[in-house]
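# Secondary and tertiary structure notes
Okay, here's what each chain looks like letter by letter:
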Amino acid sequence: MSDTEQDYGAWRAEQHRRAQAHAFGWAERANGEYGQAIRHEDDARARQNADSAWQRDRMAEERRRAQFHGVRSTEALKLAEMWARVAHAMADGYLPEPVFAVSGQLLDEREPEQPRSHAD
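Throughout what follows, the structure given in this document is the object of discussion. (Residues numbered from 1 in each chain as written. Predicted model: local features only at pLDDT ≥ 70, side-chain atom pairs only at ≥ 80, totals over all residues. Heavy atoms only, no water.)

### With respect to the overall build of the protein
- When you go through the protein residue by residue, the secondary structure sums to 2 helices and 2 strands.
- Within the protein, the fraction of its 120 residues that count as buried is 20%.
- Partitioning the intrachain contacts of the protein with sequence separation of at least 6 by distance along the chain shows that 66% fall at a separation of at least 24.
- With an accessible surface of roughly 9,400 Å², the protein has 52% of that area assigned to carbon and sulfur atoms. (Helix = DSSP H or I, 4+ residues; strand = E, 2+ residues; numbered from the N terminus. Buried < 20%, exposed > 50% of the residue type's maximum accessible area, 1.4 Å probe, protein only. Contact = heavy atoms within 4.5 Å. Areas by Shrake-Rupley, 256 points an atom, 1.4 Å probe, with all protein chains shown as cover.)

Structure representation (structure tokens):
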């Protein structure tokens, strides 16, 4: 195995590990944001039947916070899913082998295809 192939394998393993870490990190963030949204919604429901204007204002603020954290949770979940797909693609080998450019021409490390004759 050439040094380039070893370097590419190490790079690919590191990128796979990073993609998994990103997926896990964003999933954790989505979970935390979801928990905060639930807490704010519960606080808003607790103040829902309040008689004072102060409590109604506070309820409206809690609902806005719940909505804010709900949106952040949804966006973090989307990022977690995206990184999980990247990690899955890297694990399954969907990424192509490296291609190198020399003087504006692309060079592939694999064996070049032989020209076919018209008889094939």
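### Some remarks on the packing of aromatic side chains
- The final tally for this structure, using the stated rule, is 1 aromatic pair.
- Centroid distance Tyr-8 to Trp-11: 5.7 Å. Interplanar angle 25 degrees. Geometry classified as stacked. A residue pair is termed a helical-turn pair when its members lie 3 or 4 positions apart in one helix, as Tyr-8 and Trp-11 do in helix 1 (residues 3-46) at 3 residues. (Phe/Tyr/Trp six-rings, centres within 6.5 Å; stacked < 30°, edge-to-face > 60°.)

### With respect to a nonpolar patch on the surface
- On the surface, a nonpolar cluster with roughly 190 Å² of combined accessible area is contributed by Leu-79, Met-82 and Val-86.
- If you trace the backbone, Leu-79 turns up in helix 2 (residues 53-91).
- Residue Leu-79 is classed as partly exposed on the basis of its relative accessible area of 31%. (Patch = residues over 30% accessible without salt bridge, like charges linked within 9 Å, V, L, I, M, F, W, Y side chains within 5 Å. Salt bridge = Lys/Arg side-chain N within 4 Å of Asp/Glu carboxyl O.)

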